[in-house]
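Geometric and topological summary
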Amino acid sequence: MFLTGFMMLEFQKSVTSEPRLSSTHPNAFYVNRRPPLMPSPLQTLPPGAVRAKGWLKVQIDLQCEGFSGRLEQISRFLNPADNAWLGTGSSQRAGWEEVPYWLRGQVALGYVSGSKRILDSTKKWIEGALKSAKPDGWFGPESNRETKFGTPDLWPNMLMQAALQTYYDATSDQRVLNLMLGYCRFLSNLPDDKLLDKRHYWHYQRVGDQLASIIWLYDRTGETFLLELARRLHGAGADWKEGIANYHGVNFAQGFREPATFAVFSNDPSDLAATEKDLNLFRGEFGQSPGGMYAADENARKGKTDPRQATESCSVAEMMFSHELLMQFTGDPAWGDRAEDVAFNWMPVTMTSDLKALRYLQSPNMAISDGGSKSPGVENGGPMFLMDPNDHRCCQHNIGMAWPYFTQHLWFATNGNGLLSALYAPCEVTAKVADGEEISIVEKTDYPFSETIEFELRTKRSVKFPWSLRIPEWCREAAIVLNGEPIASRLAGPAFATITREWKPGDKMQLRLPMEVRTIGWTQRPGTLSVYRGPLAYSLFIKEKHKRIDKPNGWNAFEILPDSNWNYGLEPEPQFDVHTQAVEQNSQVFDERRVPVWIETKGRRIPEWTLDMYGLTAPIQNCPAKTSEPLEKIRLIPMGAARLRITVFPTVAEGADAHVWQKPPQPKPEIPTSYSFRCWWDSERALSDGFLPSASSDEDLPRFTWWDHKGTEEWVSYHFEKPRKLSECRVYWFDDEPHGGCRVPAAWKVQQREGEVWRDVTPIGEPTIVKDDWSVARFQPVQCREIRLLVRLQNGFSGGILEWEVR
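To start, this report covers the structure provided alongside it. (Residues numbered from 1 in each chain as written. Predicted model: local features only at pLDDT ≥ 70, side-chain atom pairs only at ≥ 80, totals over all residues. Heavy atoms only, no water.)

**Regarding the overall build of the chain**
When helices and strands are tallied, the chain shows 17 helices and 37 strands. For the chain, the C-alpha radius of gyration of 29 Å lies close to 28 Å, the compact-globule estimate for 807 residues. When its C-alpha atoms are laid out on the principal axes, the chain stretches across 100 × 70 × 45 Å. Relative to its full complement of 807 residues, the chain shows a buried share of 61%. Taking the contacts inside the chain whose residues are at least 6 apart along the sequence as the reference set, 72% of them involve residues at least 24 apart. With an accessible surface of roughly 29,900 Å², the chain has 48% of that area assigned to carbon and sulfur atoms. Between the centroid of the 92 positive side chains of the chain and the centroid of its 102 negative side chains there is a distance of 3 Å. (Helix = DSSP H or I, 4+ residues; strand = E, 2+ residues; numbered from the N terminus. Rg over C-alpha atoms; globule rule 2.2 N^0.38 Å. Buried < 20%, exposed > 50% of the residue type's maximum accessible area, 1.4 Å probe, protein only. Contact = heavy atoms within 4.5 Å. Areas by Shrake-Rupley, 256 points an atom, 1.4 Å probe, with all protein chains shown as cover. Lys, Arg positive; Asp, Glu negative; His and termini not counted. Charge placed at Lys NZ, Arg CZ, Asp CG, Glu CD.)

Next up, the structure:
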């Protein structure tokens, strides 16, 4: 702490040691928590207090007109004529997570944007939820209470409460508090064996969401029964304090914050430490890539840590929100750094630049984003990388909260009736400070693309209050200038700088955050590099070619294909030239064609680095990679603008210590195929790709299955361009005993097509049925253009094929 003229500037590593935020704070539109809860150094502002400007307003405006803001036109789960959340039509139709996922983002979007249309779109859903409250406290669809386990599924109601909280903070509608208190009493009355039944997988892993709602409710009511309920829920849910409780990507993004959320009730430093430990452990194993996320293309899998592994869009949105909440609960500026890392480097690429389509998965290294199934290269099968507003159900409804919640958390109220600029983006905040004086602060900046953030105070009269600024961890030489005069310099983060003075109308403050280009190495892959400048990670610029796939409703899907080389490595000690340009007004900065900053460096192509058998960017091999390709000038653009990207670069060299890379095996030309049924997860391409299994349970190879058809008769056929003379079929069946549901078939035979009729071939002996080897059917030679396998699955089991050869 030191004095500068008539002001006091304080430099804090956190604000957790400060006194409890007073319930008389002029921004206290709710009564802040009181003992025995942990002191809260930060308080959210009312919805709509922060309005986006500049590039952030572009995101908000695009979302209003994009698939998320118009999702009622697209989603079958948002049909008001047949929806359990509204009590219309089927008692179970659309009664689970989709409506509240969408609603919490749509409500926040309405207040952040000020759009009457968006707010009007939420009214019937808010009213439906409020009117669903029952005398015993339950609310929402009865199908979530009356489940097959005889215990309630609480997960959808965790989401709906979040939507209702934003609505209440904007409207003070007392029905919200009545509903939530009634619901929490319902939970309190449940016996321990029914409170949080772990057979309901999602609520068991994500109990921290309910704890956050209880904090919110306690702040506004002070009802002491909530404290015991919180302790019971914490004890009944997944144990995140003792380590990583679950490896599902979205579960981790929500679950890891549970111990620190419970710390608000326990006042136990070990609970806070557990959240930090979980994050470091998980990212240490699965997150060795830039942007603050991790490899969990559904679940994080041991050994699947290459930067070509993907992250789910829901995980990105939830991770942003977790960091924002943790900054609020703890007052630790490091959570602000983490929120920006995810927001700027991952969130934009979950969608097309016009926000009219989204994809389920994205990777740090991804040279293609098409509609083909990449399983089991990534765990999830199907068109997970296709930009499609009609698909990717959970992310389609959940992603809408990301930018509105980010906007709401740009500013907080602080101790001493002051304000904190917690996250940086162009905006305007209107709030009350000191003894109730309303002020506005206009934040002008192109951050995170530029180094300077300018603030202009608008107030009717002079007013004294503490104003805090977050200094990011990556910045070692931050400086603050007030009305043209330097007041602080060489500030290093992560920390808060707090200036307490009598502020005057028109005061202008400038925060300078010098951004140096830096490289980061990754211990899992020695010799790899990633490039950062300030909070932005940088990717190789890959020219994008968009291929439209028309949809009947006009909300089209897009494949994004590479239209330039992507397989570059960097020199071990690269040199960088930074180029900047002004942000175009109303332009989308997270678009490869319009980035306001880019970096030029030099690299060499690695010819052996190609797409692999799954159609994914092949894993990085030992570095430096040996290449004799010429040194070329290459361009790096912000990771958040690169929907195709290389962000973890191998290093390259020509000397004896360089490693010769092996080109990954490539699939054989595909034989056209038809089938009775195929699991959406799998691919018919697997039948003839030429990759030979090591066993029937080989889960590293693409496969074709009839899952989840069980005990049925199924078929699959080949179509040849010209008639072929055939006398043998060899099939390597997929069988994932004992854990999965696929087995070798009960019986199978071969047929050929004659005109419009399928006829059995003349067998030479019975077809064999073998596990972990080829099953063979021999028959009298036939000349045909179409041949098929007719398969009878075992009772109670499905089946599939890893490879099918014809001879």
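**What to know about the sheet that holds strand 4 (residues 50-52)**
What the seven strands build is an open sheet, ordered 4-10-11-12-17-14-15; its pairing is antiparallel. Lying at the two open borders of the sheet, with one neighbouring strand each, are strand 4 and strand 15 (485-491). Each neighbouring strand pair of the sheet contributes to a mean axis angle of 15°, computed without reference to strand direction. As paired strands, strand 11 (residues 437-445) and strand 12 (residues 452-458) are joined by six bridges and run antiparallel to one another. Following the sheet pairing, Thr 445 is matched in strand 12 by Ile 453. (Pairing = 2+ DSSP bridges. Axes fitted to C-alpha atoms, helices over the stretch in contact; angles between N-to-C directions.)

**Focus: the nonpolar core**
Within the largest apolar cluster, 199 residues are counted, with the highest numbers of intra-cluster contacts made by Phe 406, Trp 411 and Ile 480. If one sorts the elements of this core by residue count, helix 14 (residues 313-330) sits on top with ten residues. Not counting residues within four places of it along the chain, the set of residues in contact with Phe 406 comprises Leu 56, Met 320, Glu 324, Ala 343, Phe 344, Leu 423 and Ala 425. Counting residues in each nonpolar core, the second largest holds 26 residues, with Trp 706, Val 744, Val 782 and Cys 784 among its members. (Core = buried A, V, L, I, M, F, W, Y, C linked by side-chain atoms within 4.5 Å.)

**A short note on the packing of helix 6 (residues 174-189) against helix 9 (residues 207-221)**
At a closest axis distance of 11 Å, the pairing of helix 6 and helix 9 adopts a crossing angle of 125°. Considered as vectors, helix 6 and helix 9 are oriented oblique to each other. Considering only the axes of helix 6 and helix 9, their crossing is left-handed. Contacts between helix 6 and helix 9 pair Val 176, Leu 177, Met 180, Leu 181, Tyr 183, Cys 184 and Leu 187 from the former with Gln 210, Ser 213, Ile 214, Trp 216, Leu 217, Arg 220 and Thr 221 from the latter. (Parallel < 35°, antiparallel > 145°, perpendicular 65-115°, else oblique. Left-handed = near helix turned anticlockwise from the far one by under 90°.)

**Observations regarding the packing of aromatic side chains**
Taken as a whole and assessed by the stated rule, the structure comprises 43 aromatic pairs. Between Tyr 424 and Tyr 447, the ring centres sit 5.6 Å apart and the planes meet at 85°, which makes this aromatic pair edge-to-face. Here Tyr 424, found in the loop between strand 9 (418-421) and strand 10 (427-433), pairs with Tyr 447, found in the loop between strand 11 and strand 12; they are 23 residues apart in sequence, far enough to count as distant. A relative accessible area of 0% places Tyr 424 in the buried class. (Phe/Tyr/Trp six-rings, centres within 6.5 Å; stacked < 30°, edge-to-face > 60°.)

**Some thoughts on helix 1 (residues 54-65)**
Taking 1.5 Å per residue as the helical rise, helix 1 with its twelve residues ought to reach 16 Å, and the 17 Å between its terminal C-alpha atoms agrees with that figure. Along helix 1, the residues classified as buried are Trp 55, Leu 56, Val 58, Gln 59, Ile 60, Gln 63 and Cys 64. Residues of helix 1 that are buried make contact with strand 4, helix 2 (98-113), helix 3 (116-131), helix 15 (334-345) and helix 17 (402-408). (Expected span 1.5 Å × (residues − 1).)

**Here we look at the side chain of Arg 308**
Of note, Arg 308 is situated in the loop between helix 13 (269-286) and strand 5 (311-312). Not counting the four nearest positions on each side in its chain, Arg 308 is found in contact with Ser 363, Asn 365, Gly 377, Asp 612, Tyr 614, Leu 616, Thr 617, Ala 618 and Pro 619.

**Structural notes on unusual backbone geometry**
For residues besides glycine, phi is generally negative; the peptide bonds are generally trans as well. In this structure, the amide linkage connecting Ser 375 to the following residue, Pro 376, adopts the cis form with an omega of 5°. Among the secondary structure elements, Pro 376 is positioned in the loop between strand 7 (365-366) and helix 16 (393-398). For the bond running from Gly 493 to Pro 494, omega is 5°, close enough to zero to count as cis. Within the secondary structure, Pro 494 sits in the loop between strand 15 and strand 16 (495-503). In the Ramachandran plot, Glu 298 falls in the positive-phi region, its phi being about 120° despite a non-glycine side chain. As for its position among the elements, Glu 298 is in the loop between helix 13 and strand 5.

**Digging into the packing of helix 1 against helix 2**
Contact pair helix 1 / helix 2: the axes reach a minimum separation of 11 Å and the direction vectors enclose 125°. One element, helix 1, and the other, helix 2, form an angle in the oblique class. In the crossing of helix 1 with helix 2, the sense of the turn from one axis to the other is left-handed. Within the contact between the two elements, helix 1 uses Ile 60, Gln 63 and Cys 64 and helix 2 uses Leu 109, Val 112 and Ser 113. Across the contact of helix 1 with helix 2, the residue classes tally to four nonpolar, two polar and no charged. (Nonpolar A, V, L, I, M, F, W, Y, C, P; charged D, E, K, R; others polar.)

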